[in-house]
Amino acid sequence: LEEGDAPLVRRTTSGQALNYDKQILAVIQTLAIFCEAKPVLLLPHLDTLSPYLRGDNHLNKADETSVVHLITTILAKTYRLVENPNNAKLVRLSGDLERLVYTQMPHVMNKAIECLCVFGGELGVV
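(A) Geometry of unusual backbone geometry. With a phi angle near 60°, histidine 58 is a residue other than glycine that sits in the positive phi range. Along the chain, histidine 58 turns up in the loop between helix H2 (46-49) and helix H3 (61-78).

Listed below in structure tokens is the structure:
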């Protein structure tokens, strides 16, 4: 994926999503486990993971919520370790996180707020 690209989902000729939603969720769950153990491992992949934060991944609602929750968790843990964050990226991601605060379930909202606090510290806002 290029930075900013929405993740792709393969579809059958009838338009039905294949079982890639479960595969995407499984991969992100695995990355979240790696992030718990050693967040620095995911630093090179933040630009690849951040588009999943938007919540327009064409997954079913439950999987979409899980993916967004896991991505906010990963971003909150890893951006604390970024030495020279790109302010433009942080501002763009902050906009995505603010939208999540208003549109997602409470557990996702809480992680989005945590992530916004991390970004605010990096931007010198907090």
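There's plenty left to go through after this.
(B) Region of the structure containing the pattern of salt bridges. In the structure shown here, the tally under the stated rule is six salt bridges. Between glutamate 114 and arginine 80 there is a salt bridge; the shortest N-O distance is 3.5 Å. With glutamate 114 in helix H5 (residues 106-123) and arginine 80 in the loop between H3 and helix H4 (87-103), the pair connects residues that are 34 residues apart, well separated along the chain. A residue is classified by how much of its surface remains accessible, and arginine 80, at 47% relative accessible area, is partly exposed. In this structure, the salt-bridge partner of glutamate 114 is lysine 111, at a minimum N-O distance of 3.0 Å.

(C) Examining the nonpolar core more closely. By size, the foremost hydrophobic cluster in this structure holds 30 residues, and its most contacted members are Val67, Ile71, Tyr79 and Phe119. Those elements that place two or more of their residues in this core are helix H1 (20-37), H2, H3, H4 and H5.

(D) Expanded view of the environment of cysteine 117. Along the chain, the position of cysteine 117 falls in helix H5. When the C-alpha atoms of cysteine 117 and alanine 76 are compared, they prove to be 8.7 Å apart, with 41 residues separating the residues in sequence.

Rules used throughout
- Residues numbered from 1 in each chain as written.
- Predicted model: local features only at pLDDT ≥ 70, side-chain atom pairs only at ≥ 80, totals over all residues.
- Heavy atoms only, no water.
- Helix = DSSP H or I, 4+ residues; strand = E, 2+ residues; numbered from the N terminus.
- Salt bridge = Lys/Arg side-chain N within 4 Å of Asp/Glu carboxyl O.
- Buried < 20%, exposed > 50% of the residue type's maximum accessible area, 1.4 Å probe, protein only.
- Core = buried A, V, L, I, M, F, W, Y, C linked by side-chain atoms within 4.5 Å.

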